[in-house]
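Residue-level structure breakdown
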Amino acid sequence: MVTIAELSHSFADRVLYDVVNLFFKNRARAGIVGANGSGKTTLLKIISGEFDPDKCKITISGKKSIGMLSQDIVDLEPISMLQYFKDETNISFLEKRLRELENKLNNSGDNTNVLKEFEEITQQYEFYEGYSFESLCGRIIKGLGFKNDDLYKKCDQFSGGMKTRIGLALLLLKKPDIMLLDEPTNHLDTESMEWLESYLKDYHGTIITVSHDIRFLDKVTNETYEIFNKTITKYSGNYTYYKKEKEKKLELLKKEYESQAREIKRLEDFIERFRYKASKASQVQSRIKMLEKFKEIKLESSEKSVKIKFAHKTQSGNSVVELKNISHSYGEKTVLENVNLQFFRGEKIAIVGVNGAGKSTLSAIISKSLDQTSGSVEYGYNVKPAYFSQSSSDTLNKENSILEEINTVKHDYDDVGIRSLLGAFLFSGDDIYKKIKVLSGGERSRVALIKILMNDTNFLILDEPTNHLDRSTKDIFQKALLEYEGTIMIVSHDRYFLDNLVDKVIEVKNNSVKEYTGDYSYFVWKREQETNSNIEETATVVSTSQKESSKGFKSKEQRRLEAEKRKENAQKTKGLKKELSEVESLIEKYEEEKSSTESLLCSEEVLTDSQKIVSLNIRLKELNELIETNMEKWEEITMAIEEILG
């Protein structure tokens, strides 16, 4: 269990957290959400011990190991990936030490201390699956999108994104008790994301993650912590549950705000009316005091409500584009071979596949910005295409301001409309006068995307258009795409975005393509059905285990003794573990009741019932005491279990 008490921190004059208290139970699956800059990554760094806040008391019960995946790309040494994994997980040291101890056991008279250390080292070696470590590494890196032989390549040869994947693989191999994940899906393709979600499903430890990927949060987490307005609020469910509950909470808060506003106006009207009447002086003073006691209810600032619309004026013919026998190679490497496709007016199509499969190549060929090696691309009648890629920003005039560059497109927006559009894409105030040349890569990409939105088109070819958009802007952009009357072809790793947009999925795989008529969820379900019969993992594990066991660092008798010891420990801790589970359930129950009690204290009905307020406050005090008592009990049981297990 991780307990955070009285967390407060500020950066200059900006307060991130103001006396925040929260805890994560064992095997928690927690998602951290909030606006950009709200302090999500900082919270992970505080838990990991990497960052010291102004004030905070963190208690991590027991001897829990912590591992964190950071967004920062680290330099890796020029050693093979396998050797890097062995060194960082301590497998290299354990193997060396086991051999040394084996020699001592064979040559020493008094083996008591040596045998004890041998058993301890062997336990560690087994925990990290040392006897089948190479096989385990192979399975994990394959799941994260590497090829089998990448395990033997030098780490410094990989790109920044692939180095982040190496860091994620290492974290999974280390198996920390508390795993902190900061945007773990950023450099993963959709297949790797799905593999990671499946892997984490049965993970033995606590997972606390920050992610903009809604699908990932929904699949991996079962509780959500929102950082907003200097505090952190817990919601007992995944991201979708959190959004629904947040809407209910905001609706209730709005009613309370309106009720309070009416009451304040009523009191102020009375005060103003009878302020100068001596006979009403005591009543006026009474109402003034009532006003002073009011705790002002503040409404949360609403998300962007601006609506954007693509400038679609011209309708295309029914057949939008047809690809005939398209093949493409980069030198000797073939990416696409004899691809045949046809898109029709109004279709919304997702192009998916692992990184390097050829998705961007296919997009560029369809847009006619890249000449295919062979085959033909034919547009239909009256087709007006627009192509967005990560290199679209290269076409911008770097000497123009953002506003000047936008105005190079013929459009029907007035000044207010232009500012609203720019604001929706995160350019507000004087930002619109910044020169293109001083913008970051992400900002330039957003300008290029706005220009496409303003052009008269009927066929959009979009390659990762949402990479530099926040969640609110993504939602606005998605609504505009849903209302777009033309044809859309989109490459994106954002599965939630795709699932709510497309009606056809095309998978690029093994130099070819395969069509699935349906949304993204249907594609995932259908693909799983098709691949289930080809699962070979079980056979691989059995084969590797047999092969690895032949190396043998311990005898059959030693393995038998260890098994007996584990069985004995299991018997001793069985009752304690049951008691621990019961205590954890109680803590969770009291925390949920505490949360609902706090909500009731803010409700409109309770605010006018003084007796109810008193009884709820008494119960709130009782709940705090119960939580504290049970947390102390939890720590005692945990320590008792750890003493037995050594």
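Residues numbered from 1 in each chain as written. Predicted model: local features only at pLDDT ≥ 70, side-chain atom pairs only at ≥ 80, totals over all residues. Heavy atoms only, no water.

A large share of strand E15 (residues 459–463) lies buried, amounting to 5 of its 5 residues. Judged by which residues are buried, E15 turns out to be covered on both faces: Phe459, Ile461 and Asp463 on one side and Leu460 and Leu462 on the other are all buried. With 4 bridges joining them, strand E14 (residues 385–388) and E15 adopt parallel strand pairing. Looking at the pairing, Phe388 lines up with Leu462 of E15. One ladder, built from 5 bridges, connects E15 with strand E16 (residues 487–491); its direction is parallel. Paired with Leu462 across the strands is Ile490, a residue of E16. Crossover connection from E15 via helix H15 (residues 471–483) to parallel E16: handedness right-handed. (Buried < 20%, exposed > 50% of the residue type's maximum accessible area, 1.4 Å probe, protein only. Helix = DSSP H or I, 4+ residues; strand = E, 2+ residues; numbered from the N terminus. Pairing = 2+ DSSP bridges. Right-handed = clockwise from strand over helix to strand, strands pointing away.)

This part takes up the side chain of Thr466. Inspection of the secondary structure puts Thr466 in the loop between E15 and H15. With residues near it in sequence (within four places) discarded, Thr466 still touches Lys474, Phe477, Ser492, Asp494 and Phe497. (Contact = heavy atoms within 4.5 Å.)

With that settled, the discussion passes to unusual backbone geometry. Negative phi is the rule for most residues except glycine; trans is the rule for most peptide bonds. The phi angle at Lys175 is positive, at roughly 50°, despite the residue not being glycine. Checked against the element boundaries, Lys175 lands in the loop between helix H6 (160–174) and strand E6 (178–182).

Turning our attention to the sheet that holds strand E1 (residues 2–11). With antiparallel pairing, the 3 strands of this open sheet are ordered in space as E2-E1-E4. Among the strands making up the open sheet, the edge pair consists of strand E2 (14–24) and strand E4 (55–60). Averaged over neighbouring strand pairs, the angle between their axes works out to 15° when direction is ignored. Pairing between E1 and E4: 5 bridges, direction antiparallel. Across the sheet, residue Ile4 finds its bridge partner in E4, namely Ile58. Along the sheet, helix H1 (residues 40–48) makes contact with E1, E2 and E4, crossing E1 at roughly 125°. (Axes fitted to C-alpha atoms, helices over the stretch in contact; angles between N-to-C directions.)

Low pLDDT means the predicted atomic positions in that stretch should not be read closely. Scored by pLDDT, the protein has a mean of 84; 91% of the residues are at 70 or more. Segment residues 537–554 is flagged for pLDDT under 50; beyond a separation of four residues in sequence, or across chains, it makes 21 contacts in the model. (pLDDT = per-residue confidence, 0-100.)

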